[in-house]
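# Remarks on the overall topology
Okay, here's what each chain looks like letter by letter:
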Amino acid sequence: VTDERDAGSGAPVQSRQAGSDLHELPDEKLMEVVVAGDTAAFDVLVARHKGRLYSYLLRLVRDPSEAEDIAQEAFVRAYVHADKYRNIAKFSTWLYTIATNLVRNRIRKTKSTPRLLSLQGGRGDDDQDEPIDLPDPGDRPDRAHEKKELEAQVAAGIAKIPARYREAFVLREVNHFSYEEIAAITGLKLGTVRSRINRGRGHFREAMEPLLRRRPARGDDGL
Amino acid sequence: MALSAAHEHDLAAHLAGCDACAAEMAAFDTLSRWTAALPVEEPPANFEWRLKLRLARIERQATRVDWPLESQPRRPWRGAFEFGGALAAAAVVVVWIGAASWRGSTPQAPTPALPPAPSGGVLTQLRNDDLRVGPMPPVPAVAAAESSAADSLR
């Protein structure tokens, strides 16, 4: 381990660390190590964020291969522009901003592709009014299977939220970003973020209404 | 976006007395719990491997094209090699120009035969063929001197 000093803050920058040490560093510190030339630090960042980023993208574009492509591209750009990252925002906010912009760019380019949904149109989804195919809980005694079914229904419910609201909704309800972070990621004003999340919740509730009626809020639903 | 203590108190009081709002609140709580508990979807197993390949390719390209000169490692033989290359290129250009101008100035008719060169210095031993130019005209001063010398001998 070499102990270098950061030019700005004078704080020690560990530019070459054992893999186990890197895993203990916060994202922002890892980025400093990446900029110092240690690519192993970027591997740790990828391992840390790939799952949640991929999940987020999958809920936006609903195509596994498209979600994977965008996730790859987001990481590549984060790496290439690592020197432009400033430790004034969380790394995750920066990464999700890149990914969200990539999704928007792709949607702009492939507006006619039915699997990608327009962020502009409120009712752009082709399957907006399709009812959710609900499993009958009585037919499925196996709890694990029931849990899987419920997860699938929730994912389908999220997919039914119009794309312009889904982005903010997923960032808040699934990825648990703060309102301020969502504003930074989406480039929207705080009031617009709040409004989109609320509208997203309304659409989600509407989509999940049949399931809510079948599964009253009893807290033992396996989730 | 947490409520203030006063607002939270008011909300609790309202929910305690309003079944519709209490049901709505319970529904949103349930939905929140469901979405929060969604499992993280993992990308395909070769995700990181593919990413590493892409990053390695980018690194290679950056090394080849965008690497700033000041950060390139110094190779001691590089300067000599570059100078030798430039010299060789210049020599090729000079030879090529010389050959081209020679072809352009060579007379098509055969050069007339010259009498044997008189003995003398090095220059007189050179033949016109060797100089690759036509016969030299007599130098006027030398010709006049030769003529006056001949006259004086007579």
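Relevant structure appears above.
Just so it is clear, the model here is predicted, and its values are computed rather than measured.

### Looking at a nonpolar patch on the surface
- Judged by side-chain polarity, Leu3(B), Leu11(B) and Met25(B) come together as a nonpolar surface patch covering roughly 240 Å² of accessible area.
- Among the residues examined, Leu11(B) registers a relative accessible area of 31% and is labelled partly exposed.

### Examining the packing of aromatic side chains
- By the definition in use, this model includes nine aromatic pairs over all chains.
- Ring centres of Phe75(A) and Phe47(B) lie 6.1 Å apart, and the angle between their planes is 75°; on these two criteria the pair is classed as edge-to-face. With Phe75(A) in helix H4 (residues 64-80) and Phe47(B) in helix H3 (residues 47-66), this residue pair bridges two chains.
- Aromatic pair Phe91(A) and Trp94(A): ring centres 6.3 Å apart, planes at 50°, arrangement tilted. One end of the pair, Phe91(A), and the other, Trp94(A), are both in helix H5 (residues 91-109), three residues apart, so they sit about a helical turn from each other.
- Overall, Phe91(A) belongs to the buried group, its relative accessible area being 0%.
- Joined through ring pairs, the aromatic side chains of Phe42(A), Phe75(A), Tyr79(A) and Phe47(B) make up one cluster.

### Notes on unusual backbone geometry
Residue and element names in this part refer to chain A.
- Positive phi is not limited to glycine here, since Arg62 has a value of about 60°.
- Position of Arg62 relative to the elements: it lies in the loop between helix H3 (39-61) and H4.
- At His176, a residue that is not glycine, the phi angle is positive and equals roughly 60°.
- Within the secondary structure, His176 sits in the loop between helix H7 (163-173) and helix H8 (179-186).
- By relative accessible area, which is 46% here, His176 ends up partly exposed.

### As for the packing of H3(A) against H7(A)
All names here are of chain A.
- Two elements in contact, H3 and H7, have axes separated by 10 Å at closest approach and are oriented at 155°. Accordingly, the angle class assigned to the pair H3 and H7 is roughly antiparallel. Note that H3 runs across H7; the crossing there is right-handed. Of the residues in H7, those in contact with Tyr56, Arg59 and Leu60 of H3 are Arg166, Glu167, Val170 and Leu171.
- Here the contact of H3 with H7 is built from residues that sort into four nonpolar, no polar and three charged.

Rules used throughout
- Residues numbered from 1 in each chain as written.
- Chains lettered and ligands numbered in written order.
- Predicted model: local features only at pLDDT ≥ 70, side-chain atom pairs only at ≥ 80, totals over all residues.
- Heavy atoms only, no water.
- Patch = residues over 30% accessible without salt bridge, like charges linked within 9 Å, V, L, I, M, F, W, Y side chains within 5 Å.
- Areas by Shrake-Rupley, 256 points an atom, 1.4 Å probe, with all protein chains shown as cover.
- Salt bridge = Lys/Arg side-chain N within 4 Å of Asp/Glu carboxyl O.
- Buried < 20%, exposed > 50% of the residue type's maximum accessible area, 1.4 Å probe, protein only.
- Phe/Tyr/Trp six-rings, centres within 6.5 Å; stacked < 30°, edge-to-face > 60°.
- Helix = DSSP H or I, 4+ residues; strand = E, 2+ residues; numbered from the N terminus.
- Axes fitted to C-alpha atoms, helices over the stretch in contact; angles between N-to-C directions.
- Parallel < 35°, antiparallel > 145°, perpendicular 65-115°, else oblique.
- Left-handed = near helix turned anticlockwise from the far one by under 90°.
- Contact = heavy atoms within 4.5 Å.
- Nonpolar A, V, L, I, M, F, W, Y, C, P; charged D, E, K, R; others polar.

The values reported here are purely geometric and, on their own, carry no functional implication.
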